[in-house]
Amino acid sequence: MEDFGNIVCIAFIVWFTLVVGLIVLPAMFGISLGITEVYMKVLVKTLEWATLRIQRGSKEQQKPTTLVSNGIILRDDGSMEKEITDLRKGRSKPQINGEFELSDIFYFSKKGFESIVEDEVTHRFTSEELVSWNLLTRSNNNFQYISLRISIIWVLGVFIRYCILLPLRVTLATIGLSWLVIGASLVGLLPNSRVKNWLSELVHLMCYRICARGLSATIYYHNKENRPMKGGICVANHTSPIDIVILANDGCYAMVGQVHGGLLGIIQRAIVKACPHVWFERSEMKDRSLVTKRLRNHVADKTKLPILIFPEGTCVNNTSVMMFKKGSFEIGGTIYPVAIKYDPRFGDAFWNSAKYNMVSYLIRMMTSWAIVCDVWYLPSMTRQEEESAVQFANRVKAAIARQGGLVDLSWDGGLKRAKVKDAYKEEQQKSYSKMIVGDDSS
Amino acid sequence: MFTGVYNFIYFLISLTVSHSQITRLYSRFTSLDKGENGTLCREDFQRIPELAINPLGDRIINTFFPEGEDQVNFRGFMRTLAHFRPIDDHEKNKDPNVSEPLNSRNNKLLFAFRLYDLDKDDKISRDELLQVLRMMVGVNISDDQLGSIADRTIQEADQDGDSCISFTEFIKVNFYTSP
């Protein structure tokens, strides 16, 4: 029994040294040994092979593969006026504008039933459906048993992900976060100086790089010349808390957020010692003017790091960009938009906070194949003279959606939990009223 | 359980909806069913933002729920949606002994008629018409003006002089190729 105990100890020490030597140290200095590249190549080849087998398999079984990306119905995109006029054209007597027709009800009922079968919003709050299976159980919605080989590969995949990758990644994440807390606290002991800032940036970068390795994250940065500068505000679309790790791997940002308790609170308190972040108490968050003032002060100081804000206010599933809250765009200063797009084949990065809490979410992340994403830095934007904050927000949102290949929606991400405002219904009622009373509005 | 549901539907409704459409609709049904108990309640529908802002949203939601009930299962869900399937060519040469398919033009018009005719007496009265008008225009039109619009509409459509619109009069007014 003692020998067994010794062997386990030695094995553990060896493994730990390997991890530190091969992964942690290169990560801290930003060097890559190429292990991840090899892993990704193997993974891509396996997934491609699996896709071909599944396609062949479903052809043989003659089951039609449902095209998930196309909708189930074809919807008209015309305006209310155009569609109601078209409906009225079939009438036997000539129509006069500014009159009610019994047939008008068809417009609203059609729109209503179309939205019941398929709508633009509700599916943005659940994970994206895949076109072809990526050998993870969790994304196996409409895919059936194909062949023995695929099933074997799948079992092998489960073993690799849960027994080999998960412990490795948990170790890396623990090392990374502890290093952040310890390092930041140490740096915080120094007096304010250029050296302190430089060290703080170093500590932050190192830790986030280790954490990124802890998720097997492969990030492709594009247009690095547009990277956010000091004194600016960086806005990005929000899919998960991991967005912060992804962005902070390539630059240092000042975070904005609520003070939390527990582990997150410890991290928050530690890193604010090293360099200024903006943490709000829960009670302060309600006071909009106070929030804006503090952010404005931070932005005005050109020595402070750029603020990182996610204007959607909540996580959405990375197929679309939802309404940007105008608060971030009223602060002033230069906005640096960033678009983040995850590749869904390797892992589903979306945090469905209704379904999973933070810990289950992180475990899901660490048992995916990998996190692969593209980050595009867009050229900076500032608010024009005649532009309102809302128009500016929409302009930035459109640019991010265009770059990331995401759908640009005006719906509020808050619809995840809240009901839609009655104001929108009233708008529809108003346009319809104009149609039936003609041009003389009451 | 899945195949059991399929068989039941095919037997009862005799739809020729394709397999993939049923799968997609079932997927949609379960995604709306937040309580995960196999039925939808009114709140589940109201969670769809585009439906919640539709002026006739509540009426449309009510068509799914049979008299006095608060839950609808997948069979009921499909049955109501079947009214809106496009009319297939082969259904035009139908056997007169088989009852009309749910989505024939007549049945679609009857469905729309029922959206107006809340008390199901096969007549749209002035009050019922006013109710629907009020839902569609909100607060933007005065009672008087709305009343005169309703009166004018009934006058045009009414042929038997009972100041109500019957289903036959409704069909005559809405002579479409396909709504």
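All values reported here derive from a predicted model rather than from experimental measurement.

Student: Let's hear about the overall build of chain A: which residues, and what values?
Tutor: Helix and strand content of chain A: 13 helices and 9 strands. For chain A, with 442 residues in total, the buried portion stands at 45%. Taking all contacts inside chain A whose residues are at least 6 apart in sequence as the whole, residues at least 24 apart take part in 77%. Here chain A displays about 22,900 Å² of accessible surface, and carbon together with sulfur accounts for 61% of that area.

Student: Could you give an account of the pairing of strand E2 (residues 233-236) of chain A, naming the residues involved and the relevant values?
Tutor: Residues and elements named next belong to chain A. Side-chain alternation along E2 places Ile233 and Val235 on one buried face and Cys234 and Ala236 on a second face that is also buried. In terms of strand pairing, E2 meets strand E5 (residues 307-309) through 3 bridges, oriented parallel. The residue of E5 that forms the bridge with isoleucine 233 is isoleucine 307.

Student: Tell me about the domain arrangement of chain B, and please be specific about residues and values.
Tutor: Residue and element names in this part refer to chain B. Along its sequence, chain B is carved into domain 1 (1-99) and domain 2 (104-179). At the surface where domain 1 touches domain 2, the tally comes to 1 salt bridge. We note a salt bridge from glutamate 67 to lysine 120, for which the minimum N-O separation is 4.0 Å. There are 2 residue pairs in polar contact (both at pLDDT 80 or more) connecting domain 1 and domain 2. Partitioning the side of domain 1 that touches domain 2 into residue classes produces 5 nonpolar, 3 polar and 3 charged.

Student: Give me the interface of chain A and chain B: which residues, what numbers.
Tutor: The interface of chain A with chain B comprises 47 residues on the first partner and 54 residues on the second. Its largest share of buried area at the contact with chain B, chain A owes to A:Leu102, A:Phe113 and A:Ile116, together 17% of the area lost on that side. For the pair chain A and chain B, the interface holds 1 salt bridge. B:Arg28 is the salt-bridge partner of A:Asp119, the closest N and O atoms lying 2.9 Å from each other. Every element with two or more residues in the side of chain A that touches chain B is listed here: helix H3 (80-88), helix H4 (104-117) and helix H13 (422-437) of chain A. Across the side of chain A that touches chain B, the residue classes break down as 19 nonpolar, 12 polar and 16 charged.

Student: How would you explain the UniProt feature "domain: EF-hand" (unreviewed entry) in chain B if you had to name every residue and give the values?
Tutor: Under the present numbering, the feature "domain: EF-hand" (unreviewed entry) in UniProt falls on residues 104-139 of chain B. Within residues 104-139 of chain B, the helical portion is 67% and the strand portion 6%, while the C-alpha atoms at the span's ends are 36 Å from each other.

Student: Could you give an account of the sheet that holds strand E8 (residues 371-377) of chain A, with specific residues and numbers?
Tutor: All names here are of chain A. Strand order across the open sheet formed by 7 strands is E1-E8-E7-E2-E5-E3-E4, with mixed pairing between neighbours. Only two strands of the sheet have a single partner each, and these edge strands are strand E1 (217-222) and strand E4 (278-280). The sheet shows a mean angle of 25° between the axes of neighbouring strands, direction not considered. Relative to E4, helix H10 (residues 288-300) is tilted by about 170°, and along the sheet it contacts E2, strand E3 (254-258), E4 and E5.

Student: Hey, could you go over helix H6 (residues 74-81) of chain B for me, with residue numbers and the actual values?
Tutor: Judged by how many residues are buried, H6(B) sits mostly within the fold: 6 of 8 residues are covered. Three or more residues of H6(B) are buried, namely B:Phe74, B:Gly76, B:Phe77, B:Met78, B:Thr80 and B:Leu81.

Student: Any details on the confidence of the model for chain B? Residues and values, ideally.
Tutor: Residues and elements named next belong to chain B. Per-residue confidence for chain B gives a mean pLDDT of 77; residues scoring 70 or more make up 77%. Scored below 50 in pLDDT, residues 1-16 makes 24 contacts in the model with residues more than four places away or belonging to other chains. Segment residues 89-94 is flagged for pLDDT under 50; beyond a separation of four residues in sequence, or across chains, it makes 6 contacts in the model. Two numbers describe this predicted complex: its pTM, 0.79, and its ipTM, 0.79.

Student: Describe the pairing of E3(A), listing the residues and the values that go with them.
Tutor: Residue and element names in this part refer to chain A. Bridge count between E3 and E5: 2 bridges; the pairing is parallel. Counterpart to alanine 254 in the pairing with E5 is isoleucine 307. Bridge count between E3 and E4: 3 bridges; the pairing is parallel. The residue of E4 that forms the bridge with valine 256 is valine 278. Between E3 and its parallel partner E4, the chain crosses via helix H8 (residues 262-274), and the hand of that crossover is right-handed.

Student: Could you give an account of the packing of helix H5 (residues 148-188) of chain A against helix H6 (residues 194-213) of chain A, with specific residues and numbers?
Tutor: Residue and element names in this part refer to chain A. Interhelical geometry of H5 versus H6 gives an angle of 170° and a closest axis separation of 8 Å. Accordingly, the angle class assigned to the pair H5 and H6 is roughly antiparallel. Note on element contacts: H6 touches H5 through Lys196, Leu199, Ser200, Val203, His204, Met206, Cys207, Ile210, Cys211 and Arg213, opposite Leu172, Gly176, Leu177, Trp179, Leu180, Gly183, Ala184, Val187 and Gly188. Residues that form the contact of H5 with H6 fall into these classes: 12 nonpolar, 5 polar and 2 charged.

Student: Lay out the nonpolar core with the relevant residues and their values.
Tutor: Within the largest apolar cluster, 56 residues are counted, with the highest numbers of intra-cluster contacts made by A:Phe100 and B:Phe45. Sort the elements by how many residues they give to this core and H4(A) lands first, with 7 residues. Ignoring any residue separated from it by four or fewer positions in sequence, one finds B:Phe45 in contact with A:Ile116, B:Leu40, B:Leu51, B:Ile61, B:Phe64, B:Phe65, B:Val72 and B:Phe77. In terms of nonpolar packing, the next biggest core, distinct from the first, is built from 43 residues, A:Leu180, A:Ala248, A:Cys315 and A:Ile340 among them.

Student: Tell me what's going on with a nonpolar patch on the surface, and back it up with residues and numbers.
Tutor: Residues and elements named next belong to chain A. Taken together, the side chains of Ile10, Val14, Leu18, Leu22, Leu33 and Ile35 define a hydrophobic patch exposed on the protein surface, amounting to about 550 Å² of accessible area. The residue leucine 18 is located in helix H1 (residues 2-28) in this model. Since its relative accessible area comes to 46%, leucine 18 is described here as partly exposed.

Student: Describe the confidence of the model for chain A, with residues and values.
Tutor: Residue and element names in this part refer to chain A. In the predicted model, chain A carries a mean pLDDT of 82, and 89% of its residues have values of at least 70. Averaged over each element, pLDDT in chain A is lowest for H3 (72) and highest for strand E7 (residues 335-342) (94). Note that residues 64-70 has pLDDT below 50 and, in this model, 5 contacts with residues that lie over four places away or in other chains.

Student: Pulling in residues and values, what's your account of unusual backbone geometry?
Tutor: Among all residues except glycine, the phi angle is most often negative; among peptide bonds, the trans geometry is most common. The backbone of A:Ser216 sits at a positive phi, close to 50°, despite the residue not being glycine. Along the chain, the position of A:Ser216 falls in the loop between H6 and E1. Classification of A:Ser216 as buried rests on a relative accessible area of 12%. Here the phi dihedral of B:Ser163 falls at roughly 55°; this positive angle occurs in a residue that is not glycine. Within the element layout of this structure, B:Ser163 appears in the loop between helix H9 (143-157) and strand E2 (165-166). The exposure class of B:Ser163 is partly exposed, given its relative accessible area of 47%.

Basis of the calculations
Residues numbered from 1 in each chain as written. Chains lettered and ligands numbered in written order. Predicted model: local features only at pLDDT ≥ 70, side-chain atom pairs only at ≥ 80, totals over all residues. Heavy atoms only, no water. Helix = DSSP H or I, 4+ residues; strand = E, 2+ residues; numbered from the N terminus. Buried < 20%, exposed > 50% of the residue type's maximum accessible area, 1.4 Å probe, protein only. Contact = heavy atoms within 4.5 Å. Areas by Shrake-Rupley, 256 points an atom, 1.4 Å probe, with all protein chains shown as cover. Pairing = 2+ DSSP bridges. Domains from an automatic or database assignment. Salt bridge = Lys/Arg side-chain N within 4 Å of Asp/Glu carboxyl O. Polar contact = N/O pair within 3.5 Å; in protein donor to acceptor, adjacent residues only side chain to side chain. Nonpolar A, V, L, I, M, F, W, Y, C, P; charged D, E, K, R; others polar. Buried area = accessible area lost by both parts, 1.4 Å probe. UniProt positions renumbered as here; feature names shortened; annotations may be inferred. Axes fitted to C-alpha atoms, helices over the stretch in contact; angles between N-to-C directions. pLDDT = per-residue confidence, 0-100. Right-handed = clockwise from strand over helix to strand, strands pointing away. Parallel < 35°, antiparallel > 145°, perpendicular 65-115°, else oblique. Core = buried A, V, L, I, M, F, W, Y, C linked by side-chain atoms within 4.5 Å. Patch = residues over 30% accessible without salt bridge, like charges linked within 9 Å, V, L, I, M, F, W, Y side chains within 5 Å.

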